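The chain contents come next:
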Amino acid sequence: MTNVGSLDAGREAVKPERRGWKELYLKEDWWAVWLGLALMVFAILSFQAGSSNIVKALAINPGGLKWNSLGQLADHFAQNAQLYLCQFLFWLVLFGATTAIMGVKLKEFVPAFIFLYVGSLIMFAIAGWANAAQFNLEAPLVALILGLIIANVFRLPAWMDSAFRVEYYIKTGIVLLGATFPITLVLTAGPVAIVQATIISLVTCLVIYFVGTRIFGLEKPLAAVMGVGGAVCGVSASMAIAASVNAKKDHLYTSITLVVGWALIMILVLPFVSRALGLPAGVAGAWIGTSEFADAAGFAAATTYGKMVGNEDVAIKSFTLMKVIGRDLWIGIWSVVFAAIATFVWEKGQSGRLPDAREIWWRFPKFVIGFFAASILMSAFTSGFNAPDFNTVVRPNVIAPLVSLRTWTFIFCFLSIGLTTRFRDLHIVGWKAFWTFSIGVAANVVLGYVLSVIVFGDYWAGIH
Amino acid sequence: MLKQQAKAKSRLNLIPFRFSAAQSGAARCAACRFFTGAPAAIERAIPGLNILSSAFGSVRADTGLCERHGVFTTTRSTACPQFEGSGG
């Protein structure tokens, strides 16, 4: 049961981890909030000072180049070499310093981030090829597949994971996304997203739990860990529930394998199925939001579909409403519910941990606060401009650079998913667990389709 | 410390272990040498965790891994009888 390597790791952690104000600089959720908001404020202040060119320069990328020859691409990099160098240093300092504060070793982060940045630049360059769309070379798909190949063929050292911080990049991107998300849309669409997310979260969790325990006879903690993982936000949710029900290490391994496996399959399948069904971008985004487990995987699928149909913004918006605002908020609630069940039902009060309602806040994904704050602040700032001024002045000088910075964080994330997915590290799972989770996935995808396309279809199609 | 543990033990038959221990201020998992709570250590201990998740996120809160029993618990959980202080 005890493994020597991890015991050694455990000795570094003998000091109790305390909650409180330290979370503001020790959790990546809060750093995503600070970085996202700081970038947004910087863009606004630069605009007001008449120096938007600084932000535009930092946001440079070759994704929109539409190059036809390698010479054209080489010219672009030759002409903008200094800008790319500045941009690299900018990202390196931002992410390097903040991850170092959180406890990541800088000497591991720096070389790995150089690799990640260069890789991301190549992904942008591929996506910027004039014929990329014709061959479905969407940046998220290319980043994911090339990352998978590199990680599994060339065996990158594990320490490089220090810079492949999937969650940190996507959370920062989500806060930046808030800056381009009108608060009126959040307020009008939020209730529908929450209703749909509630139905999905309850049904998926209960299907997995009851299929697992009643049909396949799985241990209750394992069924709970898989159920909440499938219903809310994948591995993160599984880890949160694992503590509530005192799940075993193997239970989380099982959840990791199943979540990662199905999430990757759905990144590759859902955009193409949505295209075959001719779904509008808003509808497909909502369907992906109800079907994918992890935020990062879902954004990869939604972005891919949005690029396929030339409406990336809408696909991302409806996905965000459904997944980030709707489903992710359920994690704390499920933690308390399962802690109560474990304490009072499974173990009849003998050894379960006392449920604590404060967990709803402790486990709340704090980057969502940054998303709302960015949306409110940017909506307040742009309310002072009429439509023509917004489109000709604010959009190119403030919004567009922020969108580009967000795209950078997304590409860092998508490439990191591939680079961290080493199939040899994933544990083999039993067929009972496999079928339990797969039935849950099927229920999730079918119900998600019914809700997104039939029940609320008109609503999601109207998102713009 | 011994006094506290004795106090907790005396209540064991009357109310559930964890409830009584929590009230008596007994040792917590956080202070046990078998508890892995640092995010980097958790990610090293569980390969694959960082693919679509992170031990550095808010959702994990204070969840950690008990290497003695191979189960997940939190820093707040009351220590089991196999508790060994991190100093020893």
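Criteria and thresholds
Per chain, the residues get numbers from 1 upward, laid out in the order the sequence is written. Going through the entries in the order they are written, you letter the chains from A and number the ligands from 1. Two thresholds apply to this predicted model, a pLDDT of at least 70 for residue-level local features and 80 or more for giving and counting side-chain atom pairs, whereas whole-chain, interface and lining totals are computed over all residues. Working definition: helices are DSSP H or I runs of at least four residues, strands are E runs of at least two. Numbering for both runs from the N terminus. As defined in this context, the radius of gyration uses C-alpha atoms, and a globule is described by 2.2 Å times the residue total to the power 0.38. Burial is judged by counting the other C-beta atoms within 10 Å of a residue's own C-beta: 20 or more makes it buried, 12 or fewer makes it exposed, and any count in between marks it as partly exposed, with every C-beta position built from the backbone. Here the contact rule is simple: place C-beta atoms from the backbone, and any two residues whose C-beta atoms are within 7 Å are in contact. One requirement defines pairing of two strands: DSSP has to find at least two bridges between them. One less than the residue count of a helix, multiplied by 1.5 Å, gives the span that helix is expected to have. For this quantity, the arc is that covered by the directions from the helix axis to the C-beta atoms. A set of buried residues qualifies as a nonpolar core if it consists of Ala, Val, Leu, Ile, Met, Phe, Trp, Tyr and Cys joined through C-beta atoms within 7 Å. Lines fitted to C-alpha atoms define the axes, with helix axes restricted to the stretch in contact, and inter-axis angles between N-to-C directions lie between 0 and 180 degrees. Angle categories are assigned with fixed cut-offs, so that under 35 degrees is roughly parallel, over 145 is roughly antiparallel, 65 to 115 is roughly perpendicular, and the rest are oblique. Take the far helix as your reference; a near helix turned counterclockwise from it by less than a right angle gives a left-handed crossing, and one turned clockwise gives a right-handed crossing. Each residue is assigned a bend, namely the angle between axes fitted to the seven residues that terminate at it and the seven residues that start at it. For every residue, the predictor assigns a confidence score, pLDDT, that lies between 0 and 100. Under the scheme applied here, ten amino acids are nonpolar (Ala, Val, Leu, Ile, Met, Phe, Trp, Tyr, Cys and Pro), four are charged (Asp, Glu, Lys and Arg), and all others, including Gly, are polar.

Colleague: Tell me about the overall build of chain A, and name the residues and values.
Modeller: Across its full length, chain A carries 22 helices and zero strands. In terms of C-alpha radius of gyration, chain A reaches 22 Å, essentially the compact-globule figure of 23 Å for 464 residues. The principal-axis extents of the C-alpha atoms in chain A amount to approximately 65 × 50 × 45 Å. Counting all 464 residues of chain A, 51% fall into the buried class. Taking the intrachain contacts of chain A between residues at least 6 apart in sequence as the baseline, contacts between residues at least 24 apart amount to 79%.

Colleague: Describe the sheet that holds strand β3 (residues 71-74) of chain B, with residues and values.
Modeller: Residue and element names in this part refer to chain B. Ordered by their spatial adjacency, three strands build an open sheet running β1-β2-β3, and the pairing between neighbours is antiparallel. Looking at strand neighbours, the two that pair on one side only are β1 (35-36) and β3, the edges of this open sheet. The sheet contact formed by β1 and strand β2 (residues 63-66) spans two bridges and is antiparallel. Each residue of the ladder has a partner; that of Phe35, found in β2, is Cys66.

Colleague: Could you give me a rundown of the environment of Ala43 of chain A, with the residues and numbers involved?
Modeller: Residues and elements named next belong to chain A. Position of Ala43 among the secondary structure elements: in helix α3 (residues 28-48). You can call Ala43 buried: it has 27 C-beta atoms within 10 Å. Sequence separation between Ala43 and Ile54 is 11 residues; the distance between their C-alpha atoms is 8.7 Å. When residues no more than four places from it in sequence are discounted, the contact partners of Ala43 are Val55, Val398, Pro401 and Leu402.

Colleague: Residues and numbers for helix α6 (residues 81-102) of chain A, please.
Modeller: Residue and element names in this part refer to chain A. Its 22 residues give α6 an end-to-end C-alpha distance of 31 Å, which sits within 8% of 32 Å, the value for a rise of 1.5 Å per residue. Taken as a whole, α6 has its buried residues at Gln87, Trp91, Phe95, Thr98 and Thr99. Looking down the long axis of α6, one finds its buried residues gathered within 100 degrees of arc, a one-sided arrangement. Turned more than 90 degrees away from the buried face of α6 sit Ala81, Gln82, Leu85, Val93, Ala97 and Ile101, all of them exposed. Count one or two residues on from α6 and you reach Gly103, which has phi positive near 115 degrees.

Colleague: Give a description of the nonpolar core that names residues and reports values.
Modeller: Core analysis: the largest hydrophobic core is formed by 161 residues, its most contacted members being Ala263 and Ala297 of chain A together with Leu52 of chain B. Considering every element that reaches this core, the biggest residue donor is helix α20 (residues 387-420) of chain A, with 12 residues.

Colleague: Residues and numbers for the packing of helix α10 (residues 183-215) of chain A against helix α21 (residues 431-455) of chain A, please.
Modeller: Residue and element names in this part refer to chain A. Orientation of α10 relative to α21, taken along the N-to-C sense of each, is 155 degrees, at an axis distance of 9 Å. Taken together, the axis directions place α10 and α21 in an arrangement best described as roughly antiparallel. Between α10 and α21 the crossing geometry is right-handed. For the pair formed by α10 and α21, the contact residues are Gln196, Ile199, Ile200, Val203, Thr204, Val207, Ile208, Val211 and Gly212 on the first element and Thr436, Phe437, Ile439, Gly440, Ala443, Asn444, Leu447, Gly448 and Leu451 on the second.

Colleague: Explain helix α13 (residues 249-276) of chain A to me, and be specific about the residues and the numbers.
Modeller: For an α-helix, 3.6 residues make a turn, and residues three or four places apart therefore share a direction. Residues and elements named next belong to chain A. The end-to-end C-alpha distance of α13 is 40 Å, a good match for the 40 Å that 28 residues give at a rise of 1.5 Å each. At Met266, α13 shows its maximal bend, which comes to roughly 30 degrees. A positive backbone phi angle near 65 degrees is found at Gly278, which sits one or two residues after α13.

Colleague: Any chance you could break down the environment of Thr99 of chain A for me, citing the residues and the numbers?
Modeller: Residues and elements named next belong to chain A. Take Thr99: it is sitting in helix α6. The spacing of Thr99 and Gln79 is 20 residues in sequence and 32 Å in space, taken between C-alpha atoms. Excluding residues within four positions of it along the chain, Thr99 makes contact with Val104, Phe109 and Arg165.

Colleague: So what's going on with unusual backbone geometry? Residues and values would help.
Modeller: Positive phi is not limited to glycine here, since Asn246 of chain A has a value of about 50 degrees. In this structure, Asn246 of chain A sits in the loop between α12 (235-244) and α13.

Colleague: Any chance you could break down the environment of Ile333 of chain A for me, citing the residues and the numbers?
Modeller: Residue and element names in this part refer to chain A. Along the polypeptide, Ile333 turns up in helix α17 (residues 331-346). The exposure class assigned to Ile333 is partly exposed, which follows from the 18 C-beta atoms found within 10 Å. When the C-alpha atoms of Ile333 and Ala357 are compared, they prove to be 8.2 Å apart, with 24 residues separating the residues in sequence.

Colleague: Please give an account of the pairing of β2 of chain B that cites residues and values.
Modeller: Residue and element names in this part refer to chain B. Across four bridges, the pairing between β2 and β3 is antiparallel. Counted as the bridge partner of Cys66 is Val71 from β3. In sequence, β2 turns back onto β3 through a hairpin of four residues, with Gly70 there showing a positive phi of about 65 degrees.

Colleague: Summarise the confidence of the model for chain A; cite the residues concerned and give the values.
Modeller: Within chain A, residue pLDDT values average 90, and 94% of them lie at 70 or more. When pLDDT is averaged over each element of chain A, α6 of chain A comes out on top at 97 and helix α1 (residues 4-10) of chain A at the bottom at 36.

Colleague: Outline the packing of helix α9 (residues 166-178) of chain A against α20 of chain A, listing residues and values.
Modeller: Residue and element names in this part refer to chain A. The N-to-C vectors of α9 and α20 enclose an angle of 160 degrees; their axes lie 8 Å apart at closest approach. Judged by the angle between their axes, α9 and α20 are roughly antiparallel. Handedness of the crossing formed by α9 with α20: left-handed. Residue-level contacts link Val166, Tyr169, Ile170, Thr172, Gly173, Leu176 and Leu177 of α9 to Leu402, Leu405, Arg406, Thr409, Phe410, Phe412, Cys413, Ser416, Ile417 and Thr420 of α20. Among the residues making up the contact of α9 with α20, the classes are represented as 11 nonpolar, five polar and one charged.

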